[in-house]
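A closer look at the structure
Single-letter residue listing:
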Amino acid sequence: MNIKTYEGEMVVEGAKFGIVISRFNSFLVESLLDGALDTILRHGGKEDDIEIVRVPGAVEIPLAAKRMAASKKYDAIIALGAVIRGGTPHFEFVASENSKGLAQVCMDYDLPVAFGVLTVDTIEQAIERSGTKAGNKGTEAALSAIEMVNLLKNFA
């Protein structure tokens, strides 16, 4: 059997990363940022190859990601934020528009956009996903970005 398989390596070699991060729920989101930065640096990235853009909330993340993608300065964008369900339908609107907007940026610019935006029911779930027992979703988003950058280098 001679099936070709493509996978991205988990090494950063000269790749540039843009991170767009929401200030809303910053007590959680800063932990996601710490995880993403640590991951990029541990895999060979350099501080000079990382830029961070801070936006007010999750709804603003896709627009900033679009501007970052249009600049053609980055090999991947990592989106970080936290949307926590409340007692109104607001959660559904914010979470939906955020994910749709980021997917659109990815497809329009042929650029990896890693989704590190927590969409959770409770603050406890957000805490678990920002560095405690459920891991750090910022770390996971950075790993995804690294792998996709390398995959796309070697895959037509």
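Preceding this paragraph is the structure being described.
About the cut-offs
Residues numbered from 1 in each chain as written. Predicted model: local features only at pLDDT ≥ 70, side-chain atom pairs only at ≥ 80, totals over all residues. Heavy atoms only, no water. Pairing = 2+ DSSP bridges. Helix = DSSP H or I, 4+ residues; strand = E, 2+ residues; numbered from the N terminus. Axes fitted to C-alpha atoms, helices over the stretch in contact; angles between N-to-C directions. Polar contact = N/O pair within 3.5 Å; in protein donor to acceptor, adjacent residues only side chain to side chain. Contact = heavy atoms within 4.5 Å. Buried < 20%, exposed > 50% of the residue type's maximum accessible area, 1.4 Å probe, protein only.

Okay, the sheet that holds strand β4 (residues 113–120) next. Reading across the sheet, the four strands line up as β2-β1-β3-β4 and stay open at both edges, with parallel pairing between neighbours. Looking at which strands have only one partner, the edges of the open sheet turn out to be β2 (50–55) and β4. Strand after strand, the sheet turns through a mean of 15 degrees between neighbouring axes, direction not considered. Across eight bridges, strand β3 (residues 76–84) lies against β4 in parallel orientation.

Attention now moves to the side chain of N136. Relative to the elements of secondary structure, N136 occurs in strand β6 (residues 135–136). In terms of polar contacts, N136 uses its side chain to reach the backbone carbonyl oxygen of S31, at 2.9 Å. Ignoring sequence-local partners within four residues, the contact set of N136 consists of S31, L32, G35, R129, S130 and G131.

A word on unusual backbone geometry. Notably, N25 is not glycine yet its phi reads approximately 60 degrees, a positive angle. In this structure, N25 sits in the loop between β1 (17–22) and α1 (26–42). The phi dihedral of D110 falls on the positive side, at around 50 degrees, and the residue is not glycine. Looking at the element boundaries, D110 is found in the loop between α3 (90–109) and β4.

Here we take up the environment of A36. Relative to the helices and strands, A36 is located in helix α1. According to the relative accessible area criterion, A36 is buried, its value standing at 0%. The spacing of A36 and L143 is 107 residues in sequence and 8.0 Å in space, taken between C-alpha atoms. A36 has contacts with I19, L80, G138, T139 and A142, leaving out every residue within four places of it along the chain.

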